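Results of the structural survey
If you want the building blocks of each chain, they are given just below.
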Amino acid sequence: IKLPSKISSFSKIFIQGQKTLSTTALEAVVRRLRADKSTRYITIGIGEASKSELAGISGNPQYVFMIDDYSGLNDIIPNILKLICDIDAEFKENL
């Protein structure tokens, strides 16, 4: 993967290791994240994390990565970097 010399801050990564205990708190976080239209959230679920919760946070199921434990992070880094570059290009096209 060829990375641009400068990657902008259009993407943020959210890592979750278990299901959310409070759906009310989750809904509040999602509302706050959705208010920012200039950022895309890539979510990583580890172990018992809920894929549907992460899709709700990211707003796009293609931005959700699931791994069994932290050692799986190395395996998904290339895919995450490509996604960040794709998101960055999308935003630059729409400026």
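Our subject in this report is the structure included herewith. (Residues numbered from 1 in each chain as written. Predicted model: local features only at pLDDT ≥ 70, side-chain atom pairs only at ≥ 80, totals over all residues. Heavy atoms only, no water.)

**Things to note about helix α1 (residues 23–35)**
- In this model α1 runs 18 Å from its N-terminal to its C-terminal C-alpha over 13 residues, within 8% of the 18 Å that 1.5 Å per residue would give.
- Within the sequence span of α1, burial applies to L26, V30 and L33. On an axial view of α1, the arc spanned by its buried residues comes to 65 degrees, and they lie on one face. Counted as exposed and oriented over 90 degrees from the buried face of α1: T24, R31, R32 and A35.
- Next to the buried residues of α1 lie β2 (40–46) and α2 (51–58). (Helix = DSSP H or I, 4+ residues; strand = E, 2+ residues; numbered from the N terminus. Expected span 1.5 Å × (residues − 1). Buried < 20%, exposed > 50% of the residue type's maximum accessible area, 1.4 Å probe, protein only. Arc of directions from axis to C-beta. Contact = heavy atoms within 4.5 Å.)

**With respect to the packing of aromatic side chains**
- According to the stated counting rule, one finds 1 aromatic pair in the structure shown.
- Taking 4.5 Å as the distance between ring centres and 5 degrees as the angle between the ring planes, the aromatic pair formed by F10 and F91 counts as stacked. You can see F10 sitting in the segment before β1 (11–16) and its partner F91 sitting in helix α3 (residues 73–93), a full 81 residues away along the chain.
- A relative accessible area of 16% means that F10 is categorised as buried. (Phe/Tyr/Trp six-rings, centres within 6.5 Å; stacked < 30°, edge-to-face > 60°.)

**With respect to the pattern of salt bridges**
- If you walk through the whole model with that rule in mind, you get 2 salt bridges.
- With a closest N to O distance of 3.9 Å, E90 and R40 form a salt bridge. Here the residue E90 occupies a position in helix α3, and R40 occupies one in strand β2, the gap between them amounting to 50 residues.
- The class of R40 is partly exposed, set by a relative accessible area of 24%.
- Of the charged contacts, one joins K82 and D86 as a salt bridge, the two residues approaching to 2.9 Å between their closest N and O atoms. Placement of both K82 and D86 in helix α3 is noted, with a separation of 4 residues, approximately one turn of the helix.
- Its relative accessible area of 44% is what places K82 among the partly exposed residues. (Salt bridge = Lys/Arg side-chain N within 4 Å of Asp/Glu carboxyl O.)

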